[in-house]
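These are the residues of each chain, in order.
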Amino acid sequence: MKTYYNPEDLKKFGKIGEFQKPLADKFFDYYGEVFKEGALTAREKSLIALAVAHAIQCPYCIDAYTVDTMEKGCDEEQMMEAVHVAAAIRGGASLVHSTQMMNKVKELSM
Amino acid sequence: MKSLKAQNHPLSNSQYEIDLLESPDFGVSFVQKLEETNLFPLKPVQIETMQINMGKMCNQVCKHCHVDAGPDRKEIMTRDIMEQCLAVIENNHIKSLDLTGGAPEMNPEFRWFVSNIRSISPDINIIVRCNLTIILANPKYRDLPEFFKANQVEVVSSLPYFSAAKTDSQRGDGVFEKSIQALRMLNDIGYGMENSDLILNLVYNPSGAFLPAAQAGLEAEFKKKLKSNFNINFNSLFTITNVPISRFLEYLIRSENYEGYMEKLIESYNPTAAANVMCRTTISVGWDGYLYDCDFNQMLDLKVETPQSQHISDWNHSALKNRNIVVNQHCFGCTAGAGSSCGGATA
């Protein structure tokens with residue numbers, strides 16, 4: 001069955017330079033730097049990436065950062081808490097807009 | 001759970017395992033990788049460590065065990081073989097003696113052997129790979145911490161995680177709780193404590209088909225969690241990659257992770273880790289006295305390539321030091337990422 005998302009395509013990510021090498025090189029250099037140990041640990045960055053992967057709902061990123069967080073020594077509880085952070089921000093982002101709805105309701109109501 | 005051998009599982013046959021490891025085409029062999037990085041043939045640097053497998057008998061049946069150890073395994077080293085090991089230790093410059101199993105303490109001659117090693121070689125580093133639960137398995141083992149202390153033994157123990165769920169899923173129900181009790185007993189007599197010379201190291205290996213975390217960061221995490229949650233102290237954490245043989249190989253195949261895991265190991269090949277593999281400084285002795293390049297080769301029955309020195313009774317230091325180390329596809333387990341050895345990361 002053909003689908004838009006194929007897990008095998010994740011392995012081809014490094015080959016996007018085939019169509020535009022200079023930009024791909026710049027992106028992967030930047031990407032590598034971002035995930036190095038810094039003010040945040042590589043482990044903390046991986047958990048952030050896992051949360052963002054769920055927020056943007058990228059199947060490739062979810063696969064990649066599930067493996068990466070496991071390889072950084074995170075357990076299921078920590079990984080699920082990271083996803084709940086994404087869920088809370090996404091849910092909160094919807095709910096905070098309700099203030100606009102409430103403003104409009106109050107503007108139009110007697 | 002029974003051992004693969006007791007189940008008559010095909011993977012309990014070492015030739016079957018080797019055939020299986022060699023059969024899929026991953027595009028590159030371990031030998032080719034060594035050649036590309038100027039390490040083939042792989043040669044010893046020197047023989048510093050003798051790792052002795054005292055037998056396959058164990059009180060646990062861990063899901064990833066490369067020895068396929070368990071209570072149903074009866075192969076154990078005899079005093080006769082131990083005496084031959086003692087003669088080699090006495091007459092050669094072995095710096096470290098690493099006793100493993102199974103549970104080495106279940107060998108009835110274990111205490112005799114350790115005491116004799118210490119008496120003939122007061123300065124040698126004796127390591128016992130203790131699974132912790134053995135200390136609580138039977139009243140006759142309760143004084144093992146005192147025995148270790150009396151013989152200045154370094155204790156190395158597996159603890160896959162600082163939580164019960166992950167530890168028990170790999171090592172069996174109730175193992176985590178018993179391991180914590182045993183660690184407290186070791187701490188109580190000075191093991192792993194600050195300003196103590198009694199060394200207690202822990203081993204982490206992944207509970208599944210993925211590579212271990214960076215050793216330093218995970219050690220810090222283990223120290224923090226074990227101290228705050230259980231008031232446990234230890235010296236160092238060794239991260240070890242699961243090598244695709246025996247029960248871990250069975251798991252990989254059954255869970256359809258075999259190809260993905262091998263691809264991961266191969267793409268993570270690290271030449272620095274390859275240059276530092278432990279087989280370059282180690283000789284592994286089987287329960288029956290045969291010699292191997294490492295404990296993994298031992299389980300695959302890949303004996304050292306020195307026809308004149310294949311058994312402890314025929315120890316030829318010069319021949320062994322100049323041998324070609326036997327390698328195969330499972331060796332990618334020791335060269336992936338930060339590398340892996342019985343002493344943890346190597347790169």
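You'll find the structure just up there.
What you see is a predicted model, and the numbers here were worked out from it, not measured in a lab.

Calculation rules
Residues numbered from 1 in each chain as written. Chains lettered and ligands numbered in written order. Predicted model: local features only at pLDDT ≥ 70, side-chain atom pairs only at ≥ 80, totals over all residues. Heavy atoms only, no water. 1 Å grid on protein atoms, 1.4 Å probe; cavity = no way out; pocket = protein on both sides within 12 Å on 5 of 7 lines; lining within 4 Å. Points joined across faces, edges and corners; volume = space filled by probe spheres on them. Helix = DSSP H or I, 4+ residues; strand = E, 2+ residues; numbered from the N terminus. Contact = heavy atoms within 4.5 Å. Buried area = accessible area lost by both parts, 1.4 Å probe. Nonpolar A, V, L, I, M, F, W, Y, C, P; charged D, E, K, R; others polar. Buried < 20%, exposed > 50% of the residue type's maximum accessible area, 1.4 Å probe, protein only. Pairing = 2+ DSSP bridges. Right-handed = clockwise from strand over helix to strand, strands pointing away. Salt bridge = Lys/Arg side-chain N within 4 Å of Asp/Glu carboxyl O. Core = buried A, V, L, I, M, F, W, Y, C linked by side-chain atoms within 4.5 Å. Patch = residues over 30% accessible without salt bridge, like charges linked within 9 Å, V, L, I, M, F, W, Y side chains within 5 Å. Areas by Shrake-Rupley, 256 points an atom, 1.4 Å probe, with all protein chains shown as cover. Expected span 1.5 Å × (residues − 1). Arc of directions from axis to C-beta.

(A) Spotlight on empty space enclosed by the protein. All names here are of chain B. Considering all chains together, one arrives at three cavities of 30 Å³ or more under this definition. Here the largest cavity is characterised by a volume of approximately 640 Å³. Lining the largest cavity are 35 residues, and of these H64, H66, T100, S158 and R171 sit closest to its centre. The set of elements that each furnish at least two residues to the lining of the largest cavity consists of β4 (153-158) and α13 (295-299). If you tally residues by element for the lining of the largest cavity, the top one is β4, at three residues.

(B) A look at the interface of chain A and chain B. In this assembly, 11 residues from chain A lie in contact with 13 residues from chain B. Around 890 Å² of area is buried between chain A and chain B when both sides are counted, 44% of it from carbon and sulfur atoms. A per-residue breakdown of the area chain A buries against chain B is headed by A:M70, A:E71 and A:G73, which together make up 51% of the total. Broken down by secondary-structure element, the contributors of at least two residues to the side of chain A that touches chain B are α3 (59-71) and α4 (76-96) of chain A. A breakdown of the residues in the side of chain A that touches chain B according to their chemical character gives three nonpolar, two polar and six charged.

(C) Here's a closer look at the layout of surface pockets. Taken as a whole, the largest pocket encloses approximately 1600 Å³ of empty space. If you trace the largest pocket, you find 43 residues lining it, with A:L10, A:D63, A:A64, A:V67 and B:K264 closest to the centre. Among the elements of the structure, α1 (21-34), α2 (42-55) and α3 of chain A together with α11 (258-267) of chain B are those that each provide at least two residues to the lining of the largest pocket. Broken down by element, the residue count for the lining of the largest pocket peaks at 10 residues, all from α3(A). Here the lining of the largest pocket is composed, by residue class, of 25 nonpolar, seven polar and 11 charged. Reported here for the second largest pocket is a volume of approximately 530 Å³. Taken together, 25 residues make up the lining of the second largest pocket; nearest its centre are A:E37, A:E71, A:K72, B:A213 and B:A214. Secondary-structure elements contributing two or more residues to the lining of the second largest pocket are α2 of chain A together with α9 (215-230) of chain B. It is α9(B) that contributes the most residues to the lining of the second largest pocket, six residues altogether. Of the residues in the lining of the second largest pocket, the class split is 11 nonpolar, seven polar and seven charged.

(D) Local environment of the pairing of strand β2 (residues 96-100) of chain B. Residue and element names in this part refer to chain B. Buried residues dominate β2, accounting for five of its five residues. Burial of the side chains of β2 extends over both faces: S96, D98 and T100 are buried on one face and L97 and L99 on the other. As paired elements, strand β1 (residues 49-53) and β2 share five bridges and run parallel to each other. Looking at the pairing, M50 lines up with L97 of β2. Assessed by its sense of winding, the connection that carries the chain from β1 through helix α3 (residues 79-91) to β2 is right-handed. Where β2 lies against strand β3 (residues 125-129), four bridges are found, and the strand directions are parallel.

(E) Structural context of the pattern of salt bridges. Throughout the structure, instances matching the rule amount to 23 salt bridges over all chains. A salt bridge links A:E71 to B:K264; the nearest nitrogen and oxygen atoms lie 3.3 Å apart. Here the residue A:E71 occupies a position in helix α3, and B:K264 occupies one in helix α11, the pair thus bridging two chains. The exposure class assigned to B:K264 is partly exposed, which follows from its relative accessible area of 21%. Salt bridges sharing partners connect three or more residues here, namely B:K5, B:D68, B:R73, B:E75 and B:R247.

(F) Spotlight on the nonpolar core. The biggest cluster of nonpolar side chains holds 107 residues, and the ones touching the most others in it are B:M50, B:I52, B:L99, B:F148, B:F222 and B:W315. The biggest single contributor to this core is α3(B), with six residues. Ignoring sequence-local partners within four residues, the contact set of B:I52 consists of B:M77, B:C85, B:L97, B:D98, B:L99, B:T100, B:F113 and B:V285. Counting residues in each nonpolar core, the second largest holds nine residues, with A:L50, A:A51, A:C74 and A:M79 among its members.

(G) Structural view of a nonpolar patch on the surface. On the surface, A:F13, A:I16, A:F27, A:Y30 and A:V34 cluster together into a nonpolar patch covering about 470 Å² of accessible area. With respect to the helices and strands, A:I16 occurs in the segment before α1.

(H) Geometry of the environment of B:N13. In this structure, B:N13 sits in the segment before α1 (14-22). Counting along the chain gives 232 residues from B:N13 to B:I245, while the straight-line C-alpha distance between them is 11 Å.

(I) Representation of α3(A) in the model. Along its 13 residues, α3(A) runs 18 Å from first to last C-alpha, staying within 8% of the 18 Å computed at 1.5 Å per residue. Those residues of α3(A) that sit buried are A:Y65, A:D68, A:T69 and A:E71. One side of α3(A) holds all its buried residues, which, seen down the axis, span an arc of 155°. Next to the buried residues of α3(A) lie α1, α2 and α4 of chain A together with α11 of chain B. Trailing α3(A) by a residue or two, A:G73 shows a phi angle of about 85°, which is positive.

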